[in-house]
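Examining the three-dimensional arrangement
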Amino acid sequence: MLDTSFLKQGDVTALTPEQMEKLKEVAGFPEDCADHEHLAVLSFLYLYLSICQSQRALPSLDVAVWSELPTGAGLGSSAAYSVCLAAALLTACKEIPNPLKDGEAANRWTEESLELINKWAFQGERVIHGNPSGVDNAVSTWGGALRYQQGKISSLKRPPALKILLTNTKVPRSTKALVAGVRSRLLKFPEIMAPLLTSIDAISLECERLLGEMTAAPAPEHYLVLEELIDMNQHHLNALGVGHASLDRLCQVTMAHGLHSKLTGAGGGGCGITLLRPDLERPEVEAMKQALTSCGFDCWETSIGAPGVSVHTAASLDAPVRQALDGL
């Protein structure tokens, strides 16, 4: 019989260090385990034991997880994982209703249900990251685009669908080390660093204003201004100390094709995004992707502002996704 009394019943609260140690004990993991795989299992175990405690007996479940997102690249893969787990477990335990009606291929949960999914997903993220901002799980839950300022998160109304090229430099980096580096530089050069941070805030606000204008009627001039903001933001981030030679190379290669890029995530390697204007010809995009692949990078064409967590019938999934899940 598994003793789950160390977890508070039905309470969406953060794990204490003592509870974390107990969780590792239950999983049979060493105390010092800190790799992605171990932390992902601990996050699942925490969510499963906490959410399913309300059942008379812990349910037997088959959980298959498959993702196209690379881990440790600053793309929020752990948040997507935590959100999907929280949504599935809360639905399976009837803590929230299944939004899928007969004959529907996919649907989303109500605002109230999404709130609960997000709360639990944030706790799952804390198991993996310790002290996350909460912005990644919020984006995975609600989708679209969010405004994050001084710990407050709010949705941007109907952001325009922007096409981007997402590039993984495959250079590993530590978010914790990069954040510590910025903090150290801020303490060392406060009068230089503070204005940089103020400028980055102003760039973000100008970008938000521009995206609001683009919702009604996107014009070519809007994309030109966005490109300017992307360049300024990237230069500021370099000055903060979170750039990397691989990201400089990404910016040079895309600039040679007339396009503009910046880092995304914590920097120091990881991923960058390139804005793909609507007037781009297909051969131009392919040539740029080829040049980036030659640098040893991975590229994906995607768009910003997709919907958040949804429930799908198995039949509605794309064939490659179905095959991947069947093969697990």
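Just so it is clear, the model here is predicted, and its values are computed rather than measured.

Turning next to the overall build of the chain. From N to C terminus, the chain includes 11 helices and 8 strands. Over its C-alpha trace the chain gives a radius of gyration of 21 Å, about what one expects of a compact globule, namely 20 Å for 328 residues. Reported as C-alpha extents along the three principal axes, the dimensions of the chain are approximately 60 × 55 × 35 Å. Looking at the chain as a whole, 39% of its 328 residues are labelled buried. If you sum the accessible surface of the chain, you get close to 18200 Å²; carbon and sulfur atoms cover 55% of it. With 27 positive and 37 negative side-chain charges, the chain shows a spacing of 3 Å between the two charge centroids.

Our focus in this paragraph is the nonpolar core. With 33 residues, the main nonpolar core has Leu42, Trp109 and Ile117 as its most contacted residues. Only helix 1 (17–27), helix 2 (36–51), helix 3 (77–92) and helix 4 (111–129) provide two or more residues apiece to this core. Ranked by residues supplied to this core, first place goes to helix 2 with 8 residues. Judged by nonpolar contacts, the second largest core, of 22 residues, contains Met193, Leu250, Ala266 and Leu276.

Taken as a whole, the second largest pocket encloses approximately 260 Å³ of empty space. Around the second largest pocket, the lining is made up of 15 residues, and of these Glu115, Asn118, Ala138, Trp142 and Ile153 lie nearest the centre. The set of elements that each furnish at least two residues to the lining of the second largest pocket consists of helix 4, helix 5 (135–142) and strand 3 (152–155). In terms of residue count, helix 4 provides more of the lining of the second largest pocket than any other element does, 5 residues in total. Tallied by class, residues from the lining of the second largest pocket come to 5 nonpolar, 7 polar and 3 charged.

With that settled, the discussion passes to the domain arrangement of the chain. Split into domains, the chain comes out as domain 1 (5–143 + 308–327) and domain 2 (162–304). Counting residues at the interface gives 5 residues for domain 1 and 7 residues for domain 2. Taken together, both faces of the contact between domain 1 and domain 2 bury some 460 Å²; the carbon and sulfur share is 62%. A per-residue breakdown of the area domain 1 buries against domain 2 is headed by Ala73, Gly74 and Leu75, which together make up 66% of the total. One can count 0 salt bridges joining domain 1 with domain 2. In this assembly, domain 1 and domain 2 are joined by 0 residue pairs in polar contact (both at pLDDT 80 or more). In terms of residue class, the side of domain 1 that touches domain 2 is made up of 3 nonpolar, 2 polar and no charged.

Once that is clear, we can look at the packing of helix 3 against helix 5. As a packed pair, helix 3 and helix 5 sit with axes 8 Å apart at the nearest point and diverge in direction by 55°. By the angle between their axes, helix 3 is oblique relative to helix 5. Judged by the sense of rotation from one axis to the other, the crossing of helix 3 with helix 5 is right-handed. Of helix 5, the residues touching helix 3 (which contributes Ala79, Ala80 and Val83) are Asp136, Asn137, Ser140 and Thr141. Among the residues forming the contact of helix 3 with helix 5, the class breakdown is 3 nonpolar, 3 polar and 1 charged.

The positions that UniProt labels "domain: GHMP kinase C-terminal" (unreviewed entry) are, in the present scheme, residues 228–282. Each end of residues 228–282 is marked by a C-alpha atom, and these two atoms are 23 Å apart; helix forms 47% of the span and strand 16%.

This brings us to the state of the cysteines. Taken as a whole and assessed by the stated rule, the structure comprises 0 disulfides. No disulfide involves Cys93; its sulfur sits 3.1 Å from that of Cys52, the nearest cysteine. What makes Cys93 buried here is its relative accessible area of 5%.

Of the pairings in the sheet, the one linking strand 2 (residues 146–149) to strand 3 comprises 4 bridges and is antiparallel in character. In the sheet register, Gln149 faces strand 3, and the bridge partner there is Lys152. Between strand 2 and strand 3, which pair antiparallel in sequence order, lie 2 residues; one of them, Gln150, sits at a positive phi of approximately 50°.

What counts, and where the lines are drawn
Residues numbered from 1 in each chain as written. Predicted model: local features only at pLDDT ≥ 70, side-chain atom pairs only at ≥ 80, totals over all residues. Heavy atoms only, no water. Helix = DSSP H or I, 4+ residues; strand = E, 2+ residues; numbered from the N terminus. Rg over C-alpha atoms; globule rule 2.2 N^0.38 Å. Buried < 20%, exposed > 50% of the residue type's maximum accessible area, 1.4 Å probe, protein only. Areas by Shrake-Rupley, 256 points an atom, 1.4 Å probe, with all protein chains shown as cover. Lys, Arg positive; Asp, Glu negative; His and termini not counted. Charge placed at Lys NZ, Arg CZ, Asp CG, Glu CD. Core = buried A, V, L, I, M, F, W, Y, C linked by side-chain atoms within 4.5 Å. 1 Å grid on protein atoms, 1.4 Å probe; cavity = no way out; pocket = protein on both sides within 12 Å on 5 of 7 lines; lining within 4 Å. Points joined across faces, edges and corners; volume = space filled by probe spheres on them. Nonpolar A, V, L, I, M, F, W, Y, C, P; charged D, E, K, R; others polar. Domains from an automatic or database assignment. Contact = heavy atoms within 4.5 Å. Buried area = accessible area lost by both parts, 1.4 Å probe. Salt bridge = Lys/Arg side-chain N within 4 Å of Asp/Glu carboxyl O. Polar contact = N/O pair within 3.5 Å; in protein donor to acceptor, adjacent residues only side chain to side chain. Axes fitted to C-alpha atoms, helices over the stretch in contact; angles between N-to-C directions. Parallel < 35°, antiparallel > 145°, perpendicular 65-115°, else oblique. Left-handed = near helix turned anticlockwise from the far one by under 90°. UniProt positions renumbered as here; feature names shortened; annotations may be inferred. Disulfide = S-S within 2.5 Å. Pairing = 2+ DSSP bridges.

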